[in-house]
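Chain by chain, the residues:
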Amino acid sequence: MDEKVFPPPFPRPPPPFSPPPSPSFFLQKLTTATVTGTLKGYDALMNLVLDDVSEILRDDEGNTSSRSLGLVVARGTLLVLVSPVDGSEEIANPFVQAEE
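Rules behind the numbers
Residues numbered from 1 in each chain as written. Predicted model: local features only at pLDDT ≥ 70, side-chain atom pairs only at ≥ 80, totals over all residues. Heavy atoms only, no water. Helix = DSSP H or I, 4+ residues; strand = E, 2+ residues; numbered from the N terminus. Buried < 20%, exposed > 50% of the residue type's maximum accessible area, 1.4 Å probe, protein only. Contact = heavy atoms within 4.5 Å. Areas by Shrake-Rupley, 256 points an atom, 1.4 Å probe, with all protein chains shown as cover. Core = buried A, V, L, I, M, F, W, Y, C linked by side-chain atoms within 4.5 Å.

Draft legend 1. View of the overall build of the protein chain. Looking only at helices and strands, the protein chain has zero helices and five strands in total. Its helices and strands taken in sequence order, the protein chain reads β-β-β-β-β from the N to the C terminus. Expressed as a percentage of the 100 residues in the protein chain, the buried residues total 17%. Restricting the contact set of the protein chain to residue pairs at least 6 apart, pairs at least 24 apart contribute 41%. Here the protein chain has roughly 8,600 Å² of accessible surface; of this, 57% comes from carbon and sulfur atoms.

Take a look at the structure:
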């Protein structure tokens, strides 16, 4: 008789992550706050562990203030944007139609 092969009982872990030489990241959260810090780890749900975190708060009038938070676990469900601090630039939106 043919032998049945069953899948493993647990999903495989994600491949190992090798952070870039300067692993400082910029995070945009669902609130009005943005944070920058050094990536220390992550999991399959995109929860991030960041060290040396500083938070930048902006109010409705455009004033900014910042504070140091230290070691932070950022939940993946609250993240809108994850971007490296070095080596990134903003580009024009190619889907915006020109006004006539």
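Draft legend 2. Expanded view of the nonpolar core. Listed in full, the seven residues of the largest apolar core are V35, L39, L48, L50, V53, A74 and L79. Of all elements in the fold, only β2 (33-42) and β3 (48-58) reach the threshold of two or more residues within this core. Considering each element in turn, this core owes the most residues, three residues, to β3. Residue contacts for V53: discarding those within four places in its chain leaves V35, T36, G37, R67, S68, L69, G70 and V72.

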